[in-house]
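Spelled out, the chains give:
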Amino acid sequence: MNCVLQDLGDEPRNITIEIFSDLHIGSTKCDYDEIIRRVKLVEEDPNKYCVILGDVVNNTTKTSVGDVYEEPVSPMNQIKKAVDIFRPIKDKILGVTTGNHERRTYKQDGIDLGYFFCRELGIEDCYDYAGVVIFVKFGKKRRSNNYHARKDGTKPLNRARGTNGGGMTYSIYITHGDGGCGRTVGGKMNALSRRGDMIDTDIIVMGHTHLPATFRECSWKTDNIHKCITQHEQVFVNASATLDHEEYAEIYGMAPSSKQSPVIGLRGDSYEIAVQI
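Position numbers for residues start from 1 in each chain and track the written sequence from start to end. The predicted nature of this model means local features are confined to residues of pLDDT at least 70 and side-chain atom pairs, given and counted, to a pLDDT of 80 or more, with totals for whole chains, interfaces and linings taken over all residues. As a rule here, side-chain values cover all heavy atoms of the structure and leave hydrogens and water aside.

**Q** So what exactly am I meant to see when it comes to the pairing of strand S13 (residues 273-276) here?
**A** On a regular strand, one side chain projects to one face of the sheet and the next to the other, so that they alternate. One requirement defines pairing of two strands: DSSP has to find at least two bridges between them. What counts as a helix is a DSSP run of H or I of at least four residues, what counts as a strand is a run of E of at least two, and both are numbered from the N terminus. Here four bridges tie strand S12 (residues 263-267) to S13, and the two strands are oriented antiparallel to one another. Bridge pairing in S13 places Ile 264 opposite Val 275. Where S12 folds back on S13, the antiparallel hairpin that results is connected by five residues.

Listed below in structure tokens is the structure:
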């Protein structure tokens, strides 16, 4: 796990974060037009950023699932193509992790394709093989938050996340999510929810299952400094794929997936998270 601070400055009052996951560049079913359309959205909007969750390339090998003879682009050229696509927005990528398709090469030959993708873009500092915690700081805080405990020993929902330098700081955990996922919608959401048992970031973002979805869960957190408890809400986001229905998915009985990607919205003057699909 890698921890990254992304200080975006005082100017943005609100930002949005696009999620690029399961692009499968190199597959005959990859929707390049949709990928490029969304990259241009990030490039042209000064307040839009992105995260990358892995399976950027399809990387079919002779020992993996998929048809290596059908793939029109070699794994090496898939990486080159991915770098070319994301180079215009390299400075707006907040964090990157790898996926099971890139791990095929690591398992077989010990080469981390995700790292070299980031190295070519000059953003390897915000990369991790397993997952990244991103602290996103921006904006100017509108007013002071209430630090005082209530008479019953509790504090208001979501304690202050402002910093001494002003603005808001949000924590986001990104991972590909290819461990222990089920085939049903419930199984996929349970796998995403379990990430909240591991880490208490404000937002948890996962891909792999090609199912765009979002939900929220709350829990009590003890505050030893203020001697009280705080209700903490986590926002869970599952990313879509940018891929048409592949033959191997059809063979394994997997339904086609929506390409409508969730977008995360954050406010810089007060604590607010909104997810739009």
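From this point, things continue past the structure.
**Q** Teacher, can you tell me more about the state of the cysteines here?
**A** Each disulfide is one covalent bond, formed between the sulfur atoms of two cysteines. Disulfide assignment relies on a single distance test, namely cysteine sulfur atoms paired within 2.5 Å. Inspection of the entire model under this criterion finds zero disulfides. Between Cys 126, a free cysteine, and Cys 118, which holds the nearest cysteine sulfur, the sulfur-to-sulfur gap is 5.9 Å.

**Q** I would appreciate a short explanation of the packing of aromatic side chains in the present structure.
**A** Note on aromatic pairs: the rings of Phe, Tyr and Trp (six-membered ring only in Trp) are paired at centre separations within 6.5 Å, and the planes decide the class, stacked below 30 degrees, edge-to-face beyond 60, tilted for the rest. Summed over all chains, the structure comprises eight aromatic pairs. Seen in terms of ring centroids, Phe 86 and Phe 117 are 6.0 Å apart; in terms of plane orientation they differ by 85°. Their pairing is edge-to-face. Placement of Phe 86 in helix H2 (residues 75-86) and of Phe 117 in helix H4 (residues 113-121) is noted, with a sequence separation of 31 residues between them. Like Phe 117, Phe 86 is buried. Three or more aromatic residues joined by ring pairs form one cluster here, namely Phe 20, Phe 86 and Phe 117. Put simply, a charge is over a ring when the Lys NZ or the Arg CZ is close to the ring centre, within 6 Å, and near the line of the ring normal, within 35 degrees. Here the guanidinium or amino end of Lys 92 rests over the ring plane of Tyr 49, the centre of that ring lying 5.3 Å away. Relative accessibility decides the category of a residue: with a 1.4 Å probe and only protein chains considered, values under 20% of the type maximum give buried, values over 50% give exposed, and everything between is partly exposed.

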